[in-house]
Amino acid sequence: MTTEVNDNDPRVSDAYREVANETTPAELDRKVLAIAAAEVRAGRGMPRTWFRPLAWAATIALSFALVLEISQVQDTAVPLRDGDLAEAVENSPPPAAAAESPADEVRIRQQANKRSSDVPATTKATLAPARPEPAAGAAVNAPAPKSDSVADDFEHADMSLLREAEEQARMQSGPDRAVAAFAEKIEQPDSCDKDARASVDTWYACVTDMRVAGRTEAAQQELEALRAEFPKFREPPGDR
Amino acid sequence: MAASAEMVIAASVGLGTEPALSYAPAMVHEPDDSALMLRYQDGDVAAFDQLYRRHKDPIYRYLLRLCGHRDTAEDIFQEVWGKIVKARANYRPTAKFTTFLYRVAHNCFIDHVRRNKRHAGNTTLEPELHGDPGETLELATERSLARERLEIALQTLPDEQRDAFLLSEEGGLNMDQIASVTGCNRETAKSRVRYAINKLRSAIDEPAESS
């Protein structure tokens, strides 16, 4: 117990050491040690040395995960540009499925037939250069080209319908609206038109298309009308 | 001063009086107070037991000399260790444990003084007579009187000086630590200790001067 001051006069320190020699009573020692042991047994205030760093690490990890999640959500919510919209229209499943299904194919063809009858020859000529453009992709998976020029005109009309619908959809937004506009452009006739009834083959082809499209009742009516117009007509056995 | 300090250090380790091997066991490493407190923080009651036995007598004498009543000193002593026990959860070894312990004891004593203004003046401490069997009756009486005078002089010291002296003697605190515990600056602490030592020296030398 020597200090820098007491070093000057160790007699005071020695005299104090002779006087101050009391010790704690044993009863007091037992009380204090019992309190200390009880505190440990109770487990109160037990923050271990690793508890605080662990809590900080968990907080940082959760915050980082939350920020990462929010940034990913924002990335996916970025609006499409015009080019992306056209690409989405081309790749969107509904029009592709509609064009790939035979019923829609028939619908497109019939609509084209109807319009081509009203379109003048000059207009048909202006539609012709648009044909090589494969912009419509799968949505313009039109029927196989036919050898006659009328069939080509029909396909051109189909293409122009689809492009018109796409343009309208671009003016609006979203691929669903493009599909809706396309559907609005195409009406679904319940009977074969005048051109289809011009010959037996075209009329029966129209009936077959209606059957494939699922309009069996209308197809049956057209078939009866065909038989009435051409009594010698015999339906091929495989088509019945 | 340097020579006396070297003598004290030499005496404390036995240099020049004991063979070299005799003090080798004293060099066995013992965990310091902060390590023991951290072990107790982790639930090691034996560590607290070791820590308590290391400090219990000095802190008891500090409180006993400070308040002058055994019962009061025991109450404050129990309160001090109760606070140490409760402080284990938030204990951080930022300062020396002894400084922390004596600061708690000092504050408990100050709280006791504020609660009971009548602590001073009614000392019940009686000097204990510890005489060697071989010494003569005259010498034993002289030593007993010297102890009694020192005890009386200690009790008549102002509270601040007695506190600073006891922190120095019982706690072994240096001036910076005493200043930290008592809430004063270093020079004030140093002057308090110096005044206390001068008064006690006078009390010890009183018979010689009078004779």
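Here the structure is a predicted model, which means the values were calculated and not measured.

Engineer: Tell me about the overall build of chain A, and name the residues and values.
Structural biologist: Across its full length, chain A carries 11 helices and zero strands. Element order for chain A, N to C, with α for helix and β for strand: α-α-α-α-α-α-α-α-α-α-α. A burial count over chain A gives 32% of its 240 residues as buried. Of the contacts made within chain A by residues no fewer than 6 positions apart, 59% connect residues no fewer than 24 positions apart. When the accessible area of chain A is evaluated, it comes to approximately 14700 Å², of which 58% is carbon and sulfur surface.

Engineer: Give a detailed account of helix α2 (residues 33-41) of chain B, specifying residues and quantitative values.
Structural biologist: Where α2 of chain B is concerned, the buried positions are Asp-33, Ser-34, Leu-36, Met-37, Tyr-40 and Gln-41 of chain B. Along the axis of α2 of chain B, the buried residues cluster in a sector spanning 160°; they form a single face. Contacts from the buried residues of α2 of chain B go to α2 (26-42) of chain A together with α3 (45-67), α4 (70-86) and α5 (97-115) of chain B. Positive phi appears at Gly-43 of chain B, one or two residues downstream of α2 of chain B, with a value of about 100°.

Engineer: Explain the state of the cysteines to me, using residue names and the numbers behind them.
Structural biologist: Residues and elements named next belong to chain A. Tallied over the full model, the rule gives one disulfide over all chains. Put simply, Cys-192 and Cys-206 are joined by a disulfide, and their sulfur atoms are 1.9 Å apart. The sign of the -105° torsion about the S-S bond sets the Cys-192-Cys-206 disulfide as left-handed. With Cys-192 in the loop between α9 (175-185) and α10 (200-212) and Cys-206 in helix α10, the pair connects residues that are 14 residues apart, well separated along the chain. The pair formed by Cys-192 and Cys-206 is uniform in burial state, with each residue classed as buried.

Engineer: How would you summarise the packing of α5 of chain B against helix α8 (residues 175-182) of chain B if you had to cite specific residues and measurements?
Structural biologist: The relative placement of two packed helices is expressed as an angle between their axes plus a distance between the axes. Residues and elements named next belong to chain B. It is the contact of α5 with α8, at a shortest axis distance of 9 Å, that shows an interaxial angle of 35°. Handedness of the crossing formed by α5 with α8: right-handed. Across from Thr-99, Tyr-102, Arg-103 and His-106 in α5, the residues of α8 making contact are Gln-177, Ser-180, Val-181 and Thr-182. Looking at the contact of α5 with α8, its residues break down into two nonpolar, five polar and one charged.

Engineer: I'd like to hear about the nonpolar core, residue by residue, with values.
Structural biologist: Ranked by internal contacts, the top residues of the largest apolar core, which has 61 residues, are Phe-48, Tyr-62, Phe-77, Trp-81 and Phe-165 of chain B. At 11 residues, α3 of chain B tops the list of elements feeding residues into this core.

Engineer: Quick one: what's the story with the pattern of salt bridges, residue by residue and with numbers?
Structural biologist: Under the counting rule described, the total for this entry stands at 19 salt bridges over all chains. Taking the shortest distance from any N to any O, the salt bridge between Arg-227 of chain A and Glu-235 of chain A comes out at 3.2 Å. With relative accessibility at 37%, the residue Arg-227 of chain A sits in the partly exposed group. The closest approach of N and O atoms between Asp-44 of chain B and Arg-39 of chain B, which form a salt bridge, is 3.0 Å. Exposure remark for Arg-39 of chain B: the relative accessible area of 36% places this residue in the partly exposed category. Shared partners join several salt bridges into a network, and the residues in it are Arg-17 of chain A together with Arg-61, Glu-169 and Glu-170 of chain B.

Engineer: Describe the confidence of the model for chain B, and please don't skip the residues or the numbers.
Structural biologist: The predicted coordinates of low-pLDDT regions are not to be read in fine detail. All names here are of chain B. Summing up the model confidence of chain B, the mean pLDDT is 79 and the portion of residues at 70 or higher is 74%. Contacts for the low-pLDDT stretch residues 1-26, under 50 throughout, to residues beyond four places or in other chains number seven contacts. Counting interchain partners and residues more than four positions distant, the pLDDT-below-50 stretch residues 127-131 has eight contacts. In the predicted complex, the global pTM is 0.49; the interface-specific ipTM is 0.74.

Engineer: Talk me through the side chain of Thr-182 of chain B; I want residue IDs and the actual numbers.
Structural biologist: Residues and elements named next belong to chain B. Locating Thr-182 in the fold gives a position in helix α8. Separated by 2.7 Å, the side chain of Thr-182 and the backbone oxygen of Ile-178 make a polar contact. If we ignore the near neighbours within four places in the chain, the residues touching Thr-182 are His-106, Asp-163, Leu-167 and Arg-192.

Engineer: Give me the lowdown on the packing of α3 of chain B against helix α7 (residues 159-169) of chain B, citing residues and values where you can.
Structural biologist: All names here are of chain B. Where α3 meets α7, the axes come as close as 10 Å, and the angle between the chain directions of the two elements is 165°. Considering the angle they form, α3 stands roughly antiparallel to α7. Crossing hand, α3 versus α7: right-handed. Here α3 contributes Tyr-62, Arg-65 and Leu-66 to the contact with α7, which in turn contributes Arg-162, Asp-163, Leu-166 and Leu-167.

Engineer: Account for the confidence of the model for chain A, with residues named and values stated.
Structural biologist: Residues and elements named next belong to chain A. Overall, the predicted model of chain A reaches an average pLDDT of 69, with 47% of residues at or above 70. Taken element by element, the predicted model of chain A shows its lowest mean pLDDT in helix α7 (residues 121-127) (44) and its highest in α2 (91). Overall, residues 95-99 carries pLDDT values under 50, and its contacts beyond four positions in sequence, including any with other chains, amount to 13 contacts. Predicted confidence for residues 119-147 stays below pLDDT 50, and this span has 37 contacts to residues more than four positions away or in other chains.

Engineer: Lay out helix α11 (residues 216-229) of chain A with the relevant residues and their values.
Structural biologist: All names here are of chain A. For α11, with 14 residues, the first-to-last C-alpha span of 20 Å sits near the 20 Å given by 1.5 Å per residue. Residues Ala-218, Ala-219, Glu-222, Leu-223 and Leu-226 constitute the buried set of α11. One face of α11 carries all of its buried residues, which in axial projection span an arc of 140°. Structural note: α11 exposes Glu-217 and Ala-228 on the side pointing more than 90 degrees away from its buried face. In this fold, the buried residues of α11 make contact with α10.

Engineer: Describe the environment of Thr-98 of chain B, naming the residues involved and giving the relevant values.
Structural biologist: All names here are of chain B. Its place among the elements puts Thr-98 in helix α5. Thr-98 sits in the buried class, given a relative accessible area of 6%. Separated by 74 residues in sequence, Thr-98 and Gly-172 place their C-alpha atoms 8.6 Å apart. Each residue touching Thr-98, except ones within four places of it in the same chain, is listed here: Asp-33, His-55, Gly-171 and Leu-173.

So, how was this worked out
- Residues numbered from 1 in each chain as written.
- Chains lettered and ligands numbered in written order.
- Predicted model: local features only at pLDDT ≥ 70, side-chain atom pairs only at ≥ 80, totals over all residues.
- Heavy atoms only, no water.
- Helix = DSSP H or I, 4+ residues; strand = E, 2+ residues; numbered from the N terminus.
- Buried < 20%, exposed > 50% of the residue type's maximum accessible area, 1.4 Å probe, protein only.
- Contact = heavy atoms within 4.5 Å.
- Areas by Shrake-Rupley, 256 points an atom, 1.4 Å probe, with all protein chains shown as cover.
- Arc of directions from axis to C-beta.
- Disulfide = S-S within 2.5 Å.
- Axes fitted to C-alpha atoms, helices over the stretch in contact; angles between N-to-C directions.
- Left-handed = near helix turned anticlockwise from the far one by under 90°.
- Nonpolar A, V, L, I, M, F, W, Y, C, P; charged D, E, K, R; others polar.
- Core = buried A, V, L, I, M, F, W, Y, C linked by side-chain atoms within 4.5 Å.
- Salt bridge = Lys/Arg side-chain N within 4 Å of Asp/Glu carboxyl O.
- pLDDT = per-residue confidence, 0-100.
- Polar contact = N/O pair within 3.5 Å; in protein donor to acceptor, adjacent residues only side chain to side chain.
- Parallel < 35°, antiparallel > 145°, perpendicular 65-115°, else oblique.
- Expected span 1.5 Å × (residues − 1).

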